[in-house]
Amino acid sequence: MTRVPTLASHTLMSIRLMNTQSKVYDLETQLSTKKKSQDYTGIASDTLRLINFENEANRTNTYITTNTVANTRLSAMNSAVSGARDSLITFRDDLSSFLSRDLTSMDDTEVSDFEDLQARAFNFMKDMEDYFDLKLDGEYVFAGGKSKTPPVDLGFDSLEEFQAVYDGNDILAPESRFAHMNNTVVTSTDTGNLTFATSRSYDNTDTGGVGFNAGTGDIIATNPGTFSSVKAGMTITVAGSATVNDGNYTVTGVSADGTTLSVNPPITTGAIGDPATVVTVNELGTISAASAGAFNLQSYNAAATGGVTFDTANGTITAATGGAFSNVEAGMMIRVGDSGTDNDGFYTVRSVSSDGRTLTLTPDLAADGAGGANATITVPAIQPGQITITGSDNNARTFTVSDISTDGTTLTVSPPPTAETIAAPSDATLSNVIYYKGGETSVEHRVSETRSIEFGINAKDGAVEKAFRAFGIVLQGMPTDATTGEVDGVELTRRLEQALSVVNDAIEHEVGNPSESNQDFGRLENQLASNQVVLNTAITNQKTYSSFLAVRASDMENADLTEVATRINDESNALQYSYAALSMVNQLSLLNYMN
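Here the structure is a predicted model, which means the values were calculated and not measured.

> How would you sum up the overall build of the protein? Please name residues and give values.
For the protein, the helix and strand inventory stands at 13 helices and 28 strands. Relative to its full complement of 595 residues, the protein shows a buried share of 45%. At a minimum sequence separation of 6, the contacts of the protein that also span at least 24 residues come to 73%.

What follows is the structure in structure tokens.
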């Protein structure tokens, strides 16, 4: 053996050299990546804290992202609410200006100006529909929990379409929130069998007997309001009169009190029709329930009221029996039927006396005095206006209800339905159509782990509802005087003043007004602004916290580059010396030593 180093010493020196080389590589990696280690093993003592800091930072950054999105959503909502409020203020100013006139006797100029006001009001209403159908990131922000459904659907694309339903005489636009938002659903459990008829027939029970006036060519019913649902242009069939007047006619006009039909060809023989006379209207149909009172919520006949008295001066109906109307609430729509007076029709309850005997109504009553023995006051579940039917093979669509029978079993509707009978039990339902199609659930946003806020604003909000209701009161057809057939300026003034009161309350709620909700557009803007403050504060705090976490995590995982560079220099020098020493030792031998 001539070499001095042994295998063991060579191996040991090589291992130490490789360790030094590994240290240089690790330090070079730290210098290039600026990290102490490429995995958690290299910082074992700080691993748990670092992982906690990283998880906390991820959660905080997620909150920052979602809060920023929510803040953008709130900004868009605030812009929509502000735009709607501006439109409402302009509408209020136009309405107030028009009401400054004396409308007692409206001439052609005033009628034309009012029609212009209605045209502008319709545009304002459609603008508001657009504002509250705001869609962001594929979601409708005013739709509550049903964010994929447009929350506002008025169902009318023109003023003419609106007035085709709410003509202002037979069917009035709702004047209370209860009537406006009544989405009562009537099912087969309530109705029993449902029968749809393609035409509406008025027999002696409805008309009280029919007379024919050869002088005017008219058909006249005894009971007031019998033909209120009939419109000019409809075709009718007279049968069973025992006169030459049986036959088909086209309606050319309907008296304001709903008792007289002007027809073409004119009636030529004047006689009182046989009690069996039936007038069938071909453009109206009926939906009949087998169960009595199916379409009524409440019903009060003479046995319950002890008889009623009408007072036009105070606009009241008073029952003889104390507490008779205790279950009636302000805002409800009622129907007066079979009263034996000109007061039959639909009214909105403004208030109920403390003793439950007296209802104060709007619009005005037509006649003073006691109601007849058959006078009945009902609270309909299905109201005049639009209804939707589901669960029918042939009639699953929208109809306009113009009348509900006093016994609550029959709806007069247009267009005429398809003849059909649906046996109970079934999936058939009837429901009043309201403008709001969104959900009832409030949308909640989590600001942080410990705090949440509710957006809580949807298009069913009291302020929005009041705005749409005010528009409807103005947009309905003009009222006509039952005697003259001219525009009823007194009733029109009452309606416009009611609309002005409602729109004012929508803009800023009048404290102490119990007939309206306390919600207004000012409150909506304040709520949105308050939520934005919460989000902005949260975002600022979370960004600060995120920066703190980033600094602390950096301290644990980032290398000190100056220190690393110094250590690289030291280790590199050591590596060079190690290679030189190994080379020199490898050259040593006994022969060289002996020489």
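> I'd like a description of the pattern of salt bridges, backed by residues and values.
Counted according to the given criterion, the structure contains 21 salt bridges. The partner of Arg 73 in a salt bridge is Glu 139, and the shortest N-O contact between them spans 3.7 Å. A residue pair is termed long-range when its members are at least 10 positions apart, and Arg 73 in helix α2 (residues 47-99) and Glu 139 in strand β2 (residues 139-140) qualify at 66 residues. In this structure Arg 73 comes out as buried when scored by relative accessible area, which is 15%. For the salt bridge of Arg 200 with Asp 206, the shortest nitrogen-to-oxygen distance reads 3.7 Å. Since its relative accessible area comes to 10%, Arg 200 is described here as buried. Residue Asp 206 is classed as partly exposed on the basis of its relative accessible area, which comes to 26%.

> Describe the side chain of Asp 133, naming the residues involved and giving the relevant values.
Within the secondary structure layout, Asp 133 lies in the loop between α3 (108-132) and β1 (135-136). Although buried, Asp 133 forms no salt bridge, and the nearest oppositely charged side chain, Lys 126, lies 7.8 Å from it. Once residues lying within four places of it in the same chain are set aside, the contact partners of Asp 133 are Tyr 140, Pro 150, Pro 151 and Val 152.

> Account for the pairing of strand β9 (residues 247-254), with residues named and values stated.
If a strand is regular, its side chains alternate between the two faces of the sheet. Pairing between strand β8 (residues 235-239) and β9: four bridges, direction antiparallel. The residue of β9 that forms the bridge with Val 238 is Gly 247. Inspection of the sheet shows β9 paired to strand β10 (residues 260-264) by four bridges, in the antiparallel sense. By the bridge assignment, Val 251 is partnered in β10 with Val 263. Counted between consecutive antiparallel strands, the loop separating β9 from β10 contains five residues, among which Gly 258 sits at a positive phi close to 75°.

> Could you give an account of the sheet that holds strand β16 (residues 316-319), with specific residues and numbers?
Either a parallel or an antiparallel arrangement is found when strands of a sheet pair, and the pairing is made through backbone hydrogen bonds. Strands sit in the order β14-β21-β17-β18-β19-β16-β15-β20 across an open sheet of eight strands; the sheet is antiparallel. This sheet does not close on itself; its edge strands, each paired only once, are β14 (296-300) and β20 (369-370).

> Can you lay out helix α10 (residues 489-507) for me, pointing to particular residues and giving the numbers?
Along its 19 residues, α10 runs 27 Å from first to last C-alpha, staying within 8% of the 27 Å computed at 1.5 Å per residue. With 14 of 19 residues buried, α10 is to be regarded as a mostly interior element. Residue Asp 488 occupies the N-cap position of α10, its side-chain oxygen lying 3.2 Å from the main-chain nitrogen of Val 490.

> Quick one: what's the story with the sheet that holds strand β26 (residues 429-432), residue by residue and with numbers?
Read across the open sheet, the eight strands follow the order β3-β26-β22-β23-β24-β13-β4-β25; overall the sheet is antiparallel. Taken across any chain shown, the strands that pair with only one partner, and hence form the sheet edges, are β3 (185-187) and β25 (420-422). When strand polarity is set aside, the average angle formed by the axes of neighbouring strands in this sheet is 30°. With four bridges joining them, strand β22 (residues 385-390) and β26 adopt antiparallel strand pairing. Note on β26: the bridge partner recorded for Thr 388 is Ser 431.

> So what about the confidence of the model for the protein? Which residues, and what values?
Within the protein, residue pLDDT values average 87, and 85% of them lie at 70 or more. When mean pLDDT is compared element by element in the protein, strand β13 (residues 285-289) scores highest at 97, while helix α13 (residues 590-594) scores lowest at 60.

> Can you explain the environment of Ala 271? Please cite residues and give values.
For Ala 271, the position within the fold is in strand β11 (residues 271-272). Linking Ala 271 and Ser 241, residues 30 residues apart in sequence, is a C-alpha distance of 9.3 Å. Filtering out sequence-adjacent residues up to four positions away, Ala 271 remains in contact with Gly 211, Phe 212 and Thr 243.

> Talk me through the packing of α3 against helix α9 (residues 462-475); I want residue IDs and the actual numbers.
Between α3 and α9, whose axes approach to 9 Å, the crossing angle comes to 155°. Between α3 and α9, the angle falls in the class roughly antiparallel. Between α3 and α9 the crossing geometry is left-handed. Of α9, the residues touching α3 (which contributes Phe 114, Gln 118, Ala 121, Phe 122, Phe 124, Met 125, Met 128, Glu 129 and Phe 132) are Val 464, Ala 467, Phe 468, Phe 471, Val 474 and Leu 475.

> Could you give an account of the nonpolar core, naming the residues involved and the relevant values?
For soluble globular proteins, nonpolar side chains are generally found buried alongside one another. In terms of nonpolar packing, the biggest core is built from 67 residues, with Leu 88, Phe 91, Phe 132, Phe 471 and Phe 521 touching the most fellow members. Secondary structure elements with two or more residues in this core: α2, α3, α4 (159-165), α9, α10 and α11 (521-557). Of the residues forming this core, the biggest block, 12 residues, is contributed by α2. Non-local contacts of Phe 91, meaning those with residues more than four positions away in its chain, are made with Ala 121, Phe 124, Ala 470, Phe 471, Val 474 and Val 503. By size, the runner-up hydrophobic cluster in this structure holds 22 residues, among which are Phe 196, Phe 346, Ala 381 and Ala 428.

Here is what the cut-offs are and how they apply
- Residues numbered from 1 in each chain as written.
- Predicted model: local features only at pLDDT ≥ 70, side-chain atom pairs only at ≥ 80, totals over all residues.
- Heavy atoms only, no water.
- Helix = DSSP H or I, 4+ residues; strand = E, 2+ residues; numbered from the N terminus.
- Buried < 20%, exposed > 50% of the residue type's maximum accessible area, 1.4 Å probe, protein only.
- Contact = heavy atoms within 4.5 Å.
- Salt bridge = Lys/Arg side-chain N within 4 Å of Asp/Glu carboxyl O.
- Lys, Arg positive; Asp, Glu negative; His and termini not counted.
- Pairing = 2+ DSSP bridges.
- Expected span 1.5 Å × (residues − 1).
- Polar contact = N/O pair within 3.5 Å; in protein donor to acceptor, adjacent residues only side chain to side chain.
- Axes fitted to C-alpha atoms, helices over the stretch in contact; angles between N-to-C directions.
- pLDDT = per-residue confidence, 0-100.
- Parallel < 35°, antiparallel > 145°, perpendicular 65-115°, else oblique.
- Left-handed = near helix turned anticlockwise from the far one by under 90°.
- Core = buried A, V, L, I, M, F, W, Y, C linked by side-chain atoms within 4.5 Å.

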